[in-house]
Structures are given as structure tokens and as C-alpha cells.
Amino acid sequence: MTIHPKPPAASAKSGAPPATASTIALGWLHTAKFLTTAPELHFLPALDVPEIAFVGRSNAGKSTCINTLTQQKHLAFASKKPGRTQHINLFSLGKQGVTDAVLADLPGYGYAAVPKQDKIRWQQVMANYLVTRENLKGIVLLCDPRHGLTELDEILLDVIRPRVAEGLKFLVVLTKADKLNRSEQTKAVSIMNLQAGGGEVRLFSATKRIGIESVAELLWLWAHPVADVVESDVMLASDMKS
Ligand SMILES: Nc1nc2c(ncn2[C@@H]2O[C@H](COP(=O)(O)OP(=O)(O)OP(=O)(O)O)[C@@H](O)[C@H]2O)c(=O)[nH]1
Ligand SMILES: [Mg+2]
């Protein structure tokens with residue numbers, strides 16, 4: 001049996017309920033702070049902490065997803081107007097002011113009104129980022145299940161496939177799940193499981209608060225691989241196995 005590691009359970013203070021994996025993961029995400037913004041890859045600082053990038057078509061809900069996970073309404077710019085995020089925006093995470101991971105909000109692609117030259121420039125910046133960013137640990141691809149994967153999503157999947165094969169983490173977040181009924185949600189997950197090339201798939205809704213804990217726990221695990229988790233937590237996981 002495979003036991004997936006969990007965020008460590010914090011020791012309960014007297015009277016307080018023990019912290020669960022999702023409260024630890026959400027507490028960690030809540031520490032998010034704006035770090036920097038860059039119009040081009042070479043303006044990004046070189047970092048040695050794990051970076052998790054949010055990518056997807058314009059208006060898919062990337063910035064809203066970051067704000068929901070971090071429980072901060074205005075951390076990333078979210079807007080009804082597509083094309084709102086035009087730079088790579090980095091947010092640092094970590095307790096006690098010690099940065100242990102970074103979230104990257106990338107500009108969306110596929111917005112028809114963007115001039116062709118800008119579109120091409122952005123596709124190049126994005127492809128460069130996804131291929132060369134050394135501390136990139138995981139990619140969260142946001143996809144509105146009412147539209148499914150677009151041609152540009154497919155191109156992105158082709159770009160990252162070799163890195164995923166080498167161990168880059170990959171998650172497809174099916175956004176705006178509140179717009180689907182139960183059976184449509186189930187169907188969307190089944191279809192995406194076939195398309196996600198071995199990556200994880202989660203339903204998500206910022207408005208109906210679907211999937212928040214589950215995505216938070218996954219990101220926590222990406223940023224805190226078992227080898228880095230304190231010995232007692234590893235022992236806890238191995239106790240569970242026996
Ligand atoms: N119903 C619903 N609407 C959502 C949800 N998430 C985001 N939206 C809406 O979708 C629109 C786009 O959201 P953003 O978070 O700005 O999308 P984005 O992917 O960052 O867009 P760009 O920055 O243009 O790439 C906004 O009007 C959001 O309110 C959701 O879970 N449910
Ligand atoms: Mg955005």
C-alpha cells in the first residue's frame with residue numbers, strides 16, 4: 001500500500017483540537033507575500049526555494065485561485081477583463097519570515113484581443129520560463145472544464161512533458177466547478193484524468209469553495225518533500241505503513 005505523506009500534525013495545545021493537514025497547508029499558504037514582478041524571464045531573481053507556477057488561458061481563474069488558496073483577497077490581481085495579469089508575479093511563502101517556497105502567477109494566454117506580436121512574445125517568455133526556470137518544482141494548469149483544454153494548453157503540455165517525465169510535479173485544476181452540476185463535474189474529472197499525462201486533477205471553485213483544502217495539501221507536499229520533513233513525521237508515516 002502506498003502511503004502519501006501528509007503535512008505534519010501539529011501538537012495540540014491543551015483544549016485546542018489538533019491541527020489537520022489542510023489547516024497546516026492553508027496556514028502556510030496564508031503567509032504569502034508579494035515578492036516581485038517581472039516582464040521578462042531574465043528579470044526574475046534566481047531562487048533556490050521550490051517555485052510553483054500557475055498557468056492557463058486568460059480568464060481561467062489563476063489569480064483568483066492564488067487569492068483563494070492564500071486567503072488574501074487582493075494578493076494577485078483578479079479581474080473580469082481577460083489579460084489582467086501581464087507580468088510574472090512572484091509571491092513568497094514561509095512561516096516566521098523564512099521563505100520556503102514561491103508561487104508564480106503567470107500571464108494568461110489565448111486572449112483574442114491581444115495583438116499578435118504580444119501573443120508571440122508571451123508564448124516565448126512562458127515557454128522559456130517553463131523549460132529553463134531551475135527552481136520550478138511544480139506546475140498548476142488552470143482549465144475551465146466548460147471549455148476543456150485549448151490548443152495553447154496542448155502546446156504547453158508538450159513543452160512541459162519532458163520536465164514532468166523528469167519529476168516536475170503537475171496538477172490540472174478544473175476551475176469554476178460551481179458552473180457544473182455533479183455529473184458534469186465527475187465527467188470533467190474523468191476526461192481530464194485521461195489528458196493530464198500522469199498529473200493530478202482536482203475540481204476547484206473559489207465561489208463555492210470546492211477543492212481548496214485538497215489543492216492546498218498537494219502544494220504543501222510539493223514544497224516539503226518527505227526527505228525535508230523532520231524525522232518524527234517520517235517515522236509517523238512509516239508507523240502508519242506497518
Ligand atoms: N464562478 C466562478 N468565477 C470565477 C472563479 N474563479 C475565478 N472566477 C472569475 O473569472 C474571472 C477571471 O478570473 P482571474 O482570476 O482574473 O483569471 P486569470 O486566469 O488570472 O486571468 P488573466 O490574468 O487574464 O490570465 C473573474 O471574473 C473571476 O471572478 C470560480 O471559481 N467561480
Ligand atoms: Mg491573472
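Residues numbered from 1 in each chain as written. Chains lettered and ligands numbered in written order. Predicted model: local features only at pLDDT ≥ 70, side-chain atom pairs only at ≥ 80, totals over all residues.

Caption draft 1: Fine view of helix α2 (residues 62-70). Most of α2 sits inside the fold, with nine of its nine residues counted as buried. Looking at α2, one finds that the buried residues are K62, S63, T64, C65, I66, N67, T68, L69 and T70. At its buried positions, α2 is contacted by α1 (21-29), β2 (51-56), β4 (101-105), β5 (136-143), β6 (169-174) and α6 (212-223). Just past α2, the residue Q71 takes up positive phi, approximately 55°. (Buried ≥ 20, exposed ≤ 12 C-beta atoms within 10 Å, placed from the backbone. Helix = DSSP H or I, 4+ residues; strand = E, 2+ residues; numbered from the N terminus. Contact = placed C-beta atoms within 7 Å.)

Caption draft 2: Local environment of the sheet that holds β5. Strand order across the open sheet formed by seven strands is β1-β3-β4-β2-β5-β6-β7, with mixed pairing between neighbours. Only two strands of the sheet have a single partner each, and these edge strands are β1 (33-38) and β7 (200-203). Geometrically, the sheet is characterised by an average inter-axis angle of 25° between neighbouring strands, direction not taken into account. Looking at chain direction, β2 and β5 are connected through six bridges and run parallel. Paired with I52 across the bridge in β5 is G138. Contacts from helix α4 (residues 151-165) reach β2, β5 and β6, with the element oriented near 155° to β5. Where helix α5 (residues 182-195) meets the sheet, it contacts β6 and β7, and its direction lies at approximately 165° from that of β7. (Pairing = 2+ DSSP bridges. Axes fitted to C-alpha atoms, helices over the stretch in contact; angles between N-to-C directions.)

Caption draft 3: Representation of the confidence of the model for the chain within the structure. In this model, the chain carries an average pLDDT of 86, and 84% of its residues clear a pLDDT of 70 or more. With pLDDT under 50 throughout, residues 234-242 is counted as low confidence; its partners more than four residues away or in other chains account for six contacts. (pLDDT = per-residue confidence, 0-100.)

Caption draft 4: Layout of the packing of α1 against α6. Interhelical geometry of α1 versus α6 gives an angle of 75° and a closest axis separation of 8 Å. In terms of orientation, α1 and α6 fall into the roughly perpendicular class. Counted together, A21, S22, I24, A25, L26, W28 and L29 of α1 and E213, A216, E217, L219 and W220 of α6 form the full contact between these two elements. Looking at the contact of α1 with α6 residue by residue, the classes come out as nine nonpolar, one polar and two charged. (Parallel < 35°, antiparallel > 145°, perpendicular 65-115°, else oblique. Nonpolar A, V, L, I, M, F, W, Y, C, P; charged D, E, K, R; others polar.)

Caption draft 5: Structural view of the environment of W122. Summarising the element assignment, W122 is placed in helix α3 (residues 116-132). Judged by local crowding, W122 falls into the partly exposed class, with 18 C-beta atoms found within 10 Å. When the C-alpha positions of W122 and G108 are compared, they lie 9.0 Å apart, and in sequence the two are 14 residues distant. If we skip the residues at most four places from it in the chain, W122 touches P107 and Y109.

Caption draft 6: Expanded view of unusual backbone geometry. Positioned with a positive phi, Q71 is a non-glycine residue whose angle comes to about 55°. Tracing the chain through its elements places Q71 in the loop between α2 and β3 (88-93). On the basis of neighbour count, Q71 is assigned to the partly exposed category, with 14 C-beta atoms found within 10 Å. Here K176, not a glycine, exhibits a phi torsion of approximately 55°, which is positive. Secondary-structure assignment places K176 in the loop between β6 and α5.

Caption draft 7: Local environment of the pairing of β4. The buried count for β4 comes to five of five residues, which makes it a mostly enclosed element. Neither face of β4 is open: one carries A101, L103 and D105, the other V102 and A104, and all of them are buried. Two strands pair when backbone bridges link them, and β2 and β4 are joined in this way by four bridges, in the parallel orientation. Bridging across to β4, E51 finds its partner in V102. Taken together, the five bridges between β3 and β4 define a ladder with antiparallel strand orientation. Of the residues in β4, the one forming a bridge with N89 is D105.

Caption draft 8: A look at the nonpolar core. Grouped together as the largest cluster of nonpolar side chains are 58 residues, with contacts concentrated most on F54 and L174. A total of eight residues in this core trace back to one element, the largest contributor, which is α6. Apart from residues lying up to four places away in sequence, L174 is in contact with C143, P145, A188, V189, M192, V201, R202, L203 and F204. (Core = buried A, V, L, I, M, F, W, Y, C linked by C-beta atoms within 7 Å.)

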